[in-house]
Amino acid sequence: MANNSSSIANIRASLEKKGLQSPTRYSVKFNNTPMGESPHGDDFYIHSLAVPGRELLHHVDEMFGPPRMVPIKRTFNSALVINFIVEQEWGFRKYFEGWMDKIIDPITNLRQDYLKTIKESNMVITALNKQTDEPVMTMTLKEPYPHTIMPLNMGQDMISAFTTFQVSFAYREYIVT
């Protein structure tokens, strides 16, 4: 019988040998934001996050033969979305509201100094080894800022849940190491 490298047993053995990334082992750090330190130091009470994707912008070449999609540049069109736990004083929600107010003045609705408020900031997402907590992948987002604070749900049927809110972050680019 031929050796089938894609058999379930072979895939399972390979994954067990290499190990799997746990979706609960990560850290997120905000650096040099215009708001300074968060209400609770480095701890942002993150419930979950959606790590951004990446794509290549392309041009369709239809000169000869079937159309060919030719990559022309990289883009970072995907947002980073983080789901934060709301603590009693709503400190994190106020933190991100204040950060947005430092980008666009809430009275004049005019943009503040972009270079001063965003250029030096970054956000570091680190995937951690589930046994050792050592970093296995780091994604550094350059020039991040809160783009959208999503509506949050509250209701009488949520008696055993905790309140969360989502923030969608825009950024210039990211680097994976």
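Undergrad: I would appreciate a short explanation of the sheet that holds strand S2 (residues 46–50) in the present structure.
TA: Where strands meet in a sheet, backbone hydrogen bonds hold them as pairs that are either parallel or antiparallel. Pairing within the open sheet is antiparallel, and its 4 strands lie in the order S2-S5-S9-S8. Two strands lie at the open edges of the sheet, namely S2 and strand S8 (145–149), each paired on one side alone. The mean angle between the axes of side-by-side strands here comes to 30 degrees, regardless of whether they run parallel or antiparallel. Strand contacts of helix H2 (residues 91–103): strand S5 (80–85), S8 and strand S9 (164–170), with the helix running at about 115 degrees to S8, the strand carrying the most contacts.

Undergrad: When you look at the nonpolar core in this model, what are you seeing that I'm missing?
TA: Membership of the largest hydrophobic core comes to 24 residues, with the highest contact counts inside it found for Phe30, Phe84, Phe96 and Phe169. Looking at this core, the elements with two or more residues in it are strand S1 (26–31), S5, H2, strand S6 (122–128), strand S7 (135–142) and S9. At 5 residues, H2 tops the list of elements feeding residues into this core. If we skip the residues at most four places from it in the chain, Phe30 touches Phe44, Ile82, Phe84, Phe96, Trp99, Asn122, Met123 and Phe169.

Undergrad: Would you mind going over the sheet that holds strand S10 (residues 173–176) with me for this structure?
TA: Across the sheet, 4 strands lie side by side as S1-S6-S7-S10; this open sheet has antiparallel pairing. Two strands lie at the open edges of the sheet, namely S1 and S10, each paired on one side alone. Strand-to-strand twist across the sheet, computed as the mean angle between neighbouring axes with direction ignored, equals 15 degrees. Taken together, the 4 bridges between S7 and S10 define a ladder with antiparallel strand orientation. Among the inter-strand pairings, Met139 is bridged to a residue of S10, identified as Val176.

Undergrad: Where do I start with the confidence of the model for the chain in this structure?
TA: A low pLDDT score tells you not to read the predicted coordinates there in detail. On average, the chain scores 88 in pLDDT, and the residues at 70 or more come to 97%. Per-element confidence in the chain is highest for S7, whose mean pLDDT is 95, and lowest for helix H3 (residues 114–117), whose mean pLDDT is 71.

Undergrad: I'm lost on the pattern of salt bridges in this one. Help?
TA: Taken as a whole, this structure holds 4 salt bridges when the rule is applied. For Arg74, the salt bridge is made with Glu173, and the minimal N-O distance between the two is 2.8 Å. Within this pair, whereas Arg74 is found in strand S4 (residues 68–75), its partner Glu173 is found in strand S10, the two being separated by 99 residues in sequence. Glu97 is paired through a salt bridge with Arg93; the nearest N and O atoms lie 2.9 Å apart. Of this pair, Glu97 and Arg93 both sit in helix H2, 4 residues apart, which is roughly one turn of the helix.

Undergrad: How should the environment of Leu80 be read in this particular structure?
TA: Looking at the element boundaries, Leu80 is found in strand S5. Separated by 47 residues in the primary sequence, Leu80 and Ala127 have C-alpha atoms spaced 15 Å apart. Every residue in contact with Leu80, bar those within four places of it in the chain, is listed here: Leu49, Ala50, Val51, Pro52, Met123, Ile125, Leu141, Val167, Ser168, Phe169 and Tyr171.

Undergrad: What should I look at first to understand helix H1 (residues 8–18) in this one?
TA: What sets the pattern is the α-helix's 3.6 residues per turn: residues three or four places apart point alike. H1 sits mainly on the outside: 0 of its 11 residues count as buried. Just downstream of H1 lies Gly19, where phi reads positive at about 85 degrees.

So, how was this worked out
- Per chain, residues are indexed from 1 in the order of the written sequence.
- Local features are withheld for residues below a pLDDT of 70 in this predicted model, meaning they are given only at 70 or higher, and side-chain atom pairs are given and counted only at 80 or more; totals for whole chains, interfaces and linings count all residues.
- The basis for every side-chain value is the complete set of non-hydrogen atoms in the structure, without hydrogens or water.
- One bridge is not enough; two strands pair if DSSP finds at least two bridges between them.
- Runs of E in the DSSP output that reach at least two residues are strands. Runs of H or I that reach at least four are helices, and both are numbered from the N terminus.
- Only the stretch in contact is used when fitting a helix axis, every axis being a line fitted to C-alpha atoms; angles between N-to-C directions are given from 0 to 180 degrees.
- In this description, contact between two residues means that some pair of their heavy atoms is separated by no more than 4.5 Å.
- For this analysis, a nonpolar core means a set of buried residues of the types Ala, Val, Leu, Ile, Met, Phe, Trp, Tyr and Cys, connected via side-chain atoms within 4.5 Å.
- Using a 1.4 Å probe on the protein chains alone, a residue whose accessible area is under 20% of its type maximum counts as buried, one over 50% counts as exposed, and one in between counts as partly exposed.
- pLDDT runs from 0 to 100 and stands for how confident the predictor is about each residue.
- Here, a salt bridge means any Lys or Arg side-chain nitrogen found within 4 Å of an Asp or Glu carboxyl oxygen.

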